[in-house]
Amino acid sequence: MSLAENWSQCLADFRDQFDDKVIFDSFIADLTAQDIINDELLATTPYAFNVGMIEDYVPLLEKTYNSLFDANLTIKVMSEADYKKGYAGKKQKKEEEKPSLDDHLNPDFTFDNFVVGNSNRIAQNASLAVAMKPGAAYSPLFIYSNSGLGKTHLLNAIGNFVKKRDKEGVKRILYTSTENFVNDYVSSIAHNMIDEFNERYRSIDVLLIDDIQFIASKTQSSEMFFNIFNSLQNENKQIVITSDKPPKDLKGIENRLISRFTNGLTVSIDTPEFETSKAILKKKLEIEKVDYPIKEDVLDFMASHFNRDIRELEGSLKRLLFYKLVFGQNIEVIDLEFALQAFEDDYKEEKVRKVDLSVDKIKKTVADYYNLTVAQINSKSRTSNVIVARHIAMYLVRNLLNDMSYIQIGKEFGGRDHSTVMKACDKVEKNIKKDKNYKQAVEDLRKKLSKSHS
Ligand SMILES: Nc1ncnc2c1ncn2[C@@H]1O[C@H](COP(=O)(O)OP(=O)(O)OP(=O)(O)O)[C@@H](O)[C@H]1O
């Protein structure tokens, strides 16, 4: 039933219960229901002086209406003239203020198909917390990692989760790459539509912005982003940002923006360890609905050879499935022999890159260089030259061995925590920048290692 039909039924019911029919016919019968805004039913009378007369009867009108239609509204009576001046315009304006917004979410990236392991657990937990309570858990959430490790996936998963829970469809969610943000801004300047641009971004409830490093050196876009960021933060809206490096290492971005980035929570994603890589492969096979068996040692091989990032892992799987389609029509089970043919070229390259150089070789070379033993490198010793050598060895392992994960490196160096390894690598990078002799030592070691396995 429409509001008008409800209202006329309400008035009819009210009249039946009301003793003084003259008062009803003089003041109340003319009331028209105009609209319901935020649980308030707006009713108008053609004559302004009637408003005061009617107010005494409003509680009874409310009771009648709410019990007839099982509602919980309050009724506000005003003159038609006041309604036209104030409310009618306001509602129209409100609708105009919020033009529809395409969220640009990729529906394939969800929490359900994001495999969780040690390398990404913290980032996944923080993202889920944000998705469950946008604006309340951590804002901004800043996620950083090397390429292909799941940042875009998590951003979209947050958006898709919020969208799914938002049954009334009122939450304004936007996923955008920083590049698109900048293009959008430039085009709004070109078309003289800066106000629209501003309104669009400031009306967002959940802003998911990918690869913020690309805003570096784009002064005007940075300024605009800074203002939008502040406006959303002030209104407790949710912002999630990704980047290829932690906020403090972002170059060409103003300090005031970087300090805003660190106001919420910063989390990183590491290179996947063997178990996570293998679980991801299994998940992808499930999603692809692959209906022929693939032997475990094939997955083991892939998880340990194509694990620099997940895009590489996915690529290797696509390659295997394609190879099976073209050359393996009659093969029922994919075994390692068959798989190695598919990976022949990549594998050769891997071999050159990886096999000859090992963690042990790096430890030994560094230990010799500093007149130490490998046992000292692995030990808990806090003697300064041992610490220097240990940090450099960790750094070289991280850089030369196919981006081995911090977790794996920690295990290789006497069971240390991944954050210790991260700090060590950071420290080495800083020292290389500020100390010429130190830089020389790292370079010498690099050369020795490249000679030893060429
Ligand atoms: N934990 C995971 N479980 C399942 N798939 C994953 C996981 N992490 C990443 N992926 C997949 O790996 C691919 C690359 O991930 P994504 O694009 O999110 O990486 P990224 O960190 O944003 O990379 P870039 O920095 O290059 O933009 C995607 O197809 C994504 O679905």
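Per chain, the residues get numbers from 1 upward, laid out in the order the sequence is written. Thresholds applied to this predicted model are a pLDDT of at least 70 for local features of residues and 80 or more for the giving and counting of side-chain atom pairs; totals over whole chains, interfaces and linings are not thresholded and use all residues. Side-chain metrics in this entry use all non-hydrogen atoms of the structure; hydrogen atoms and water are not considered.

What follows concerns the sheet that holds strand S6 (residues 206–210). Strand order across the open sheet formed by five strands is S5-S6-S7-S4-S8, with parallel pairing between neighbours. The two strands at the open ends of the sheet, each matched to only one other strand, are strand S5 (173–177) and strand S8 (265–268). Neighbour to neighbour, the strand axes of the sheet diverge by 15° on average, direction disregarded. Its contacts with the sheet place helix H8 (residues 178–190) against S5 and S6, and it is angled at close to 95° to S5. Strand pairing is assigned whenever DSSP detects at least two bridges linking the two strands. Comment: elements are numbered from the N terminus, with helices defined as DSSP H or I runs of at least four residues and strands as E runs of at least two. Interaxial angles span 0 to 180 degrees and are taken between N-to-C directions of axes, which are lines fitted to C-alpha atoms, for helices over the stretch in contact. We call two residues contacting when some pair of their heavy atoms lies within 4.5 Å.

Moving on, we get to the side chain of Ser 188. Within the secondary structure, Ser 188 is located in helix H8. Only protein chains enter the accessibility calculation, which uses a 1.4 Å probe; a residue whose area is less than 20% of its type maximum is buried, one above 50% is exposed, and one in between is partly exposed. On the accessibility criterion, Ser 188 (5% relative accessible area) is buried. Separated by 2.8 Å, the side chain of Ser 188 and the backbone oxygen of Tyr 185 make a polar contact. Not counting chain neighbours up to four residues away, the residues in contact with Ser 188 comprise Met 193, Ile 194 and Phe 197. Polar contact criterion, stated in full: a pair of N or O atoms within 3.5 Å, where within protein one must be able to donate a hydrogen and the other to accept it, and residues adjacent in sequence count only if both atoms are side-chain atoms.

The next subject is a nonpolar patch on the surface. Think of a patch as exposed residues, more than 30% relative accessible area, with no salt bridge, where like charges cluster within 9 Å and nonpolar side chains (Val, Leu, Ile, Met, Phe, Trp, Tyr) cluster within 5 Å. A 1.4 Å probe and the Shrake-Rupley method give the accessible areas. Residues count as covered only by the protein chains that appear here. Criterion for a salt bridge: a side-chain nitrogen of Lys or Arg within 4 Å of a carboxyl oxygen of Asp or Glu. A cluster of nonpolar side chains, contributed by Phe 322, Leu 325, Val 326 and Phe 327, occupies part of the molecular surface with about 460 Å² of accessible area. Residue placement: Phe 327 occurs in helix H14 (residues 310–327).

Packing of helix H12 (residues 274–287) against helix H13 (residues 296–305) leaves a shortest axis separation of 8 Å and a crossing angle of 120°. Our classification of the angle between H12 and H13 gives oblique. At the point where H12 passes H13, the crossing takes the right-handed sense. For the pair H12 and H13, the contacting residues are Phe 274, Ser 277, Lys 278, Leu 281, Lys 282 and Leu 285 in the first and Glu 296, Leu 299, Asp 300, Met 302, Ala 303 and Ser 304 in the second. Should an angle lie under 35 degrees it is considered roughly parallel, over 145 roughly antiparallel, and from 65 to 115 roughly perpendicular; all remaining angles are considered oblique. The sense of a crossing depends on the near helix, which, turned anticlockwise from the far helix by less than a right angle, makes the crossing left-handed and, turned clockwise, makes it right-handed.

Taken together, the buried positions of helix H9 (residues 194–202) are Phe 197, Asn 198 and Tyr 201. Mapping the buried residues of H9 onto a view down its axis gives an arc of 95°, with all of them on the same face. Structurally, H9 contributes buried residues whose contacts are with S5, H8, S6 and helix H10 (219–234). Throughout, the arc means that of the directions going from the helix axis to the C-beta atoms.

Turning our eyes to something else, we now look at the nonpolar core. Within soluble globular proteins, side chains that are nonpolar generally end up buried alongside one another. Ile 362, Val 366, Leu 396, Val 397, Phe 413 and Val 442 are the most contacted members of the largest nonpolar core, which totals 29 residues. Every element with two or more residues in this core is listed here: helix H17 (359–369), helix H19 (384–400), helix H20 (406–412), helix H21 (418–434) and helix H22 (436–452). In this structure Val 397 touches Val 359, Ile 362, Met 404, Ile 409 and Phe 413, once residues within four positions along its chain are discounted. To qualify as a nonpolar core, a set must consist of buried Ala, Val, Leu, Ile, Met, Phe, Trp, Tyr and Cys residues joined through side-chain atoms within 4.5 Å. Counting residues in each nonpolar core, the second largest holds 27 residues, with Tyr 144, Val 182, Ile 212 and Ile 215 among its members.

This part takes up the domain arrangement of the protein. Per the domain assignment, the segments of the protein are domain 1 (3–97), domain 2 (121–268), domain 3 (274–354) and domain 4 (359–452). Look at where the C-alpha atoms of domain 3 and domain 4 centre, and you get two points 32 Å apart. Note that domain bounds follow an automatic or database assignment of domains.

In this section: the UniProt feature "domain: AAA+ ATPase" (unreviewed entry) in the protein. In the numbering used here, UniProt assigns the feature "domain: AAA+ ATPase" (unreviewed entry) to residues 137–270. For residues 137–270, helix accounts for 45% and strand for 18%, while the C-alpha atoms at its two ends are 23 Å apart. UniProt positions are given in the numbering used here, feature names are shortened, and annotations may be inferred rather than shown by experiment.

Summed over all chains, the structure comprises 18 salt bridges. Between Asp 184 and Arg 200 there is a salt bridge, and its shortest N-O distance comes to 2.9 Å. Separated by 16 residues along the polypeptide, Asp 184 in helix H8 and Arg 200 in helix H9 bring together distant segments of the chain. Where Asp 205 meets Lys 237, a salt bridge forms, and the shortest distance between an N and an O atom there is 3.4 Å. You can see Asp 205 sitting in the loop between H9 and S6 and its partner Lys 237 sitting in the loop between H10 and strand S7 (238–243), a full 32 residues away along the chain. Across the pair, Lys 237 and Asp 205 agree in class, each one buried.

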